[in-house]
Amino acid sequence: MKFSREQITDAVKEAYSKCVNIQEGANADYIPYLKNIPSDLFGIAVSLPDGTVVEEGDTGYIFGIVSVSKVPTAILVMNQYGPDILMDKIGADATGLPFNSIFAILLEKDHPSTPLVNSGAISACSMVQPVGDSNKKWSVIHDFIQKMCGSELGVIEELYRSESETNFNNRSIAWLLKNFNRIYDDPDLSLDLYTRQCSLGVTARQLAVCAGTLANNGTNPVTGDRLYPQEYTSKIVSLIATVGFYEHTGNWMYTAGIPAKTGVGGGIMAVMPGDFGIAAFSPKLDESGNSVKAQAAIKYIVEKLGVNVYGCR
């Protein structure tokens, strides 16, 4: 392990202290459930290769995983088909447009582009085997995300209802993909699976373990379970580095230097391969839908430790 527990603990405590009083941002309001989450919640967790998890703040609060769930589902599709099929059927390019863009599908000439935007994530859910069986597919998706996080996860039913009642744009995406033969199961079934996975409740600690699994080359550092081949790590981390913050990913990588995946539930999961996984949670978002405090906390930790995927140590 390149960093001692004391170094990580000090960095986490300092990040929490320096960021806890940040007031900027506002809860997401287009999904009713998210609007009502207490806005002062804030937690940071770091998962180390030896199974240690360093925590500070509200790391036990259960919030919606939302778009961060796209990462383990992409890995699941890689496991079932291999990375070449994922590339062929979905792709690995950033769209440069918002996460729910319909126009991006048309610009890419019918290709979803990446499993980490809505269109590609819905397409990925459609690919999960066994095709055509909603219950069995959900069991496979749910089980795999749980294994990545190292403990049980449940669906937040109120969030699931809220998302299902307001996902008009995603319905359009699912059927447009069908029109272009880029969805590989029933569109409505695939959309429902995507909505359900986004409605899973997760804690900052669990999300850190998921990130730690990526940092640990596919072996969950807490449970010891190998969840994907080591050689997939560079591929999934490159997807995160390319589109983890959607159209603002370049800005994030330029200022933070660590691949991270964000979600409008207020969680951000970041990966420093070989070193650690970080998760931070706070529901107040900037105008692009990214947690203000979580961004600041992760940036502080990586700067404090002097790590950057583009730099040398």
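This text follows the structure it describes.
These lines cover the structure that appears in this document, whether it is placed above or below. What you are looking at is a predicted structure, and each value in this text was computed from that prediction instead of being measured.

Conventions adopted
- Residues numbered from 1 in each chain as written.
- Predicted model: local features only at pLDDT ≥ 70, side-chain atom pairs only at ≥ 80, totals over all residues.
- Heavy atoms only, no water.
- Helix = DSSP H or I, 4+ residues; strand = E, 2+ residues; numbered from the N terminus.
- Contact = heavy atoms within 4.5 Å.
- Areas by Shrake-Rupley, 256 points an atom, 1.4 Å probe, with all protein chains shown as cover.
- Lys, Arg positive; Asp, Glu negative; His and termini not counted.
- Charge placed at Lys NZ, Arg CZ, Asp CG, Glu CD.
- Pairing = 2+ DSSP bridges.
- Axes fitted to C-alpha atoms, helices over the stretch in contact; angles between N-to-C directions.
- Core = buried A, V, L, I, M, F, W, Y, C linked by side-chain atoms within 4.5 Å.
- Buried < 20%, exposed > 50% of the residue type's maximum accessible area, 1.4 Å probe, protein only.
- Salt bridge = Lys/Arg side-chain N within 4 Å of Asp/Glu carboxyl O.
- Parallel < 35°, antiparallel > 145°, perpendicular 65-115°, else oblique.
- Left-handed = near helix turned anticlockwise from the far one by under 90°.

## What to know about the overall build of the protein chain
Looking only at helices and strands, the protein chain has 14 helices and seven strands in total. Expressed along its principal axes, the backbone C-alpha trace of the protein chain runs to roughly 55 × 40 × 35 Å. Contacts in the protein chain between residues at least 24 apart in sequence constitute 70% of all its contacts with a sequence separation of at least 6. Here the protein chain has roughly 12,300 Å² of accessible surface; of this, 48% comes from carbon and sulfur atoms. Counting 25 positive and 33 negative side-chain charges, the protein chain places the averaged centre of each group 2 Å from the other.

## Quick look at the sheet that holds strand S6 (residues 267-272)
On the basis of which strands lie adjacent, the open sheet formed by five strands has the order S2-S1-S7-S6-S5 and antiparallel pairing. Two strands in the sheet have a free side with no partner beyond their single neighbour: strand S2 (53-57) and strand S5 (260-262). Averaged over all pairs of adjacent strands, the angle between strand axes in this sheet comes to 10 degrees, irrespective of strand direction.

## What about the nonpolar core?
Counting residues in hydrophobic clusters, the biggest one holds 71 residues, and the most contacted among them are Leu214 and Ile236. By size, the runner-up hydrophobic cluster in this structure holds 34 residues, among which are Ile22, Met253, Ile258 and Val307.

## Details of helix H12 (residues 233-243)
Each full turn of the α-helix corresponds to 3.6 residues, which orients residues three or four apart in the same direction. Every buried residue of H12 is listed here: Thr233, Ile236, Val237, Leu239, Ile240, Ala241 and Val243. On its buried side, H12 packs onto helix H3 (70-81), helix H4 (83-89), helix H11 (204-215), helix H13 (249-256), S5 and S6.

## Thoughts on the pattern of salt bridges
Under the definition given, this model contains seven salt bridges. The closest approach of N and O atoms between Glu14 and Lys304, which form a salt bridge, is 3.3 Å. Of this pair, Glu14 sits in helix H1 (residues 5-19) while Lys304 is found in helix H14 (residues 292-305), placing the two residues 290 residues apart along the sequence. Classification of Glu14 as partly exposed rests on a relative accessible area of 27%. Among the salt bridges present, the one from Asp185 reaches Lys137, with a minimum N-O distance of 3.2 Å. Of the two residues, Asp185 is situated in the loop between helix H9 (168-179) and helix H10 (187-198) and Lys137 in helix H7 (residues 134-149); the sequence distance between them amounts to 48 residues.

## Digging into unusual backbone geometry
Cis rather than trans, the peptide bond between Gln129 and Pro130 has omega equal to 5 degrees. Following the sequence through the fold, Pro130 ends up in the loop between helix H6 (118-127) and H7. Look at Val66: it is not a glycine, yet its phi comes out positive at around 35 degrees. With respect to the helices and strands, the residue Val66 is situated in the loop between strand S3 (63-64) and H3. Residue Asn217 is not a glycine yet carries a positive backbone phi of 60 degrees. Judged by its relative accessible area of 26%, Asn217 falls in the partly exposed class.

## Observations regarding the pairing of S6
Burial of S6 is extensive: six of the six residues sit out of reach of the surface. Sheet topology places S5 next to S6; three bridges connect them, and they run antiparallel. Bridging across to S6, Thr262 finds its partner in Ile268. If you look at the hairpin formed by S5 and S6, you'll find four residues sitting between the two strands, and Gly266 has a positive phi there, around 105 degrees. Linking S6 back to strand S7 (residues 276-281) in an antiparallel pair, the connection comprises three residues, with Gly274 at a positive phi of about 85 degrees.

## Digging into the packing of helix H8 (residues 157-166) against H10
Viewed as axis vectors pointing N to C, H8 and H10 meet at an angle of 140 degrees, and their least axial separation amounts to 9 Å. With respect to H10, the element H8 is oriented oblique. The interaxial crossing formed by H8 with H10 has right-handed handedness. Across the interface between the two elements, Leu159, Tyr160, Glu163 and Ser164 of H8 pack against Asp192, Thr195, Arg196 and Cys198 of H10.

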